[in-house]
Amino acid sequence: MCGRVSISDQTSIAKGLHLKLADDLKRPANINVPPSMELPVFTDEKPSELQYLSWSLIPFWSKEKPKFSTFNARIENLSESGSWKHLLGKKHCVIITDGFYEWKKLDEKAKNKQAYLIRMKDMRFTLMAGLWDTWVDHKTAELIHTCTIITREANEDMKELHNRMPCLLTVQNANIWVNKELPLADRMLTLEPLSLNQLEMCPVQKVGNEEEYRELF
């Protein structure tokens, strides 16, 4: 699973990934972002523009906000689940992070855990495949844009920490994932497991501690 990430400010992201930035868009960096908060993305609808979507997907057909968890979408269920299948090939996004957190169980009952910050090696940003949707709040008529991060079984590097991980993308694969001109089968190939030694993993004593964060890696 992926339930906590770190993100840069909007100017750094736009400059680093050569994305258009709306003049009035102001989003600060945040080293401890949980679900329900906004995540920086680019989408297949606007692949050259930086946007922010609320993290926890609300399907367009839903009468209310889901009571079950929708901040992650298991790759194994994408083509079957009613929450995700209508988005495949139609509403893909790439979530832009500086890294994500995972907790390693230190005992069988998970009473003790060690947090780690994980990021892609040799990449300024750690990019994750996602899906997005737009929901209308029937009480307020507000349009709410939301997203979910796609996860899969952990590769050999991640298995020592957790059995799941986000579907991580190179910049090239990120552009393929949001390219509507390509067949879905080609876009799905970008979600294949990472090869070995593409991740950096650093132990964290307290997630959200700015001073410690600056010393990581």
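Up top you'll find the structure we're talking about.
Here is a short report on the structure shown in this document. Every chain is numbered independently, its residues counted from 1 as its sequence is written. This being a predicted model, a pLDDT of at least 70 is required before a residue's local features are given, and a value of 80 or more before pairs of side-chain atoms are given or counted; all residues contribute to the totals for chains, interfaces and linings. Only hydrogens and water are set aside; all other atoms, that is, all heavy atoms of the structure, feed into the side-chain values.

## Looking at the overall build of the protein chain
Stated formally: Only runs of H or I of at least four residues qualify as helices and only runs of E of at least two qualify as strands under DSSP, and these elements are numbered from the N terminus. C-alpha atoms define the radius of gyration, and 2.2 Å times the number of residues to the power 0.38 defines the globule rule. Relative accessibility under 20% of the residue-type maximum defines a buried residue, over 50% an exposed one, and the middle range a partly exposed one, all with a 1.4 Å probe and only protein chains included. Computed with a 1.4 Å probe, the accessible areas rest on the Shrake-Rupley method; for each residue, only the protein chains presented here act as cover. His is not counted here, nor are the chain ends, while Lys and Arg score as positive and Asp and Glu score as negative. A single reference atom marks each charge: NZ on Lys, CZ on Arg, CG on Asp, CD on Glu.
Helix and strand counts for the protein chain stand at four helices and 13 strands. In terms of overall size, the protein chain behaves like a compact globule, its C-alpha atoms giving a radius of gyration of 17 Å where 217 residues would be expected to give roughly 17 Å. Taken along its principal axes, the extent of the C-alpha atoms in the protein chain is 45 × 40 × 40 Å. In the protein chain, buried positions account for 47% of the 217 residues. Accessible surface for the protein chain amounts to roughly 11,500 Å². Of this, 49% is attributable to carbon and sulfur atoms. Between the averaged position of the 29 positive side-chain charges in the protein chain and that of its 30 negative side-chain charges there is a distance of 4 Å.

## A look at empty space enclosed by the protein
We count it as follows: Only protein atoms enter the 1 Å grid, on which a cavity is a set of points fitting a 1.4 Å probe that cannot get out and a pocket is an open set with protein on both sides within 12 Å along at least 5 of 7 lines, lining residues being those with an atom within 4 Å of a point. Grid points are joined across faces, edges and corners, and a volume is the space filled by probe spheres set on the points. Three classes are used: nonpolar for Ala, Val, Leu, Ile, Met, Phe, Trp, Tyr, Cys and Pro, charged for Asp, Glu, Lys and Arg, and polar for all others, with Gly counted as polar.
For the structure shown, the criterion picks out two cavities of 30 Å³ or more. Around the largest cavity, the lining residues are Arg152, Met165, Pro166, Cys167, Leu168, Thr190, Leu191, Glu192, Pro193 and Leu194. The residue inventory of the lining of the largest cavity, partitioned by class, reads seven nonpolar, one polar and two charged. Here the second largest cavity defines a volume of roughly 30 Å³. Along the walls of the second largest cavity sit Tyr101, Val204, Lys206, Val207, Gly208, Asn209, Glu212, Tyr213 and Leu216, which together make up its complete lining.

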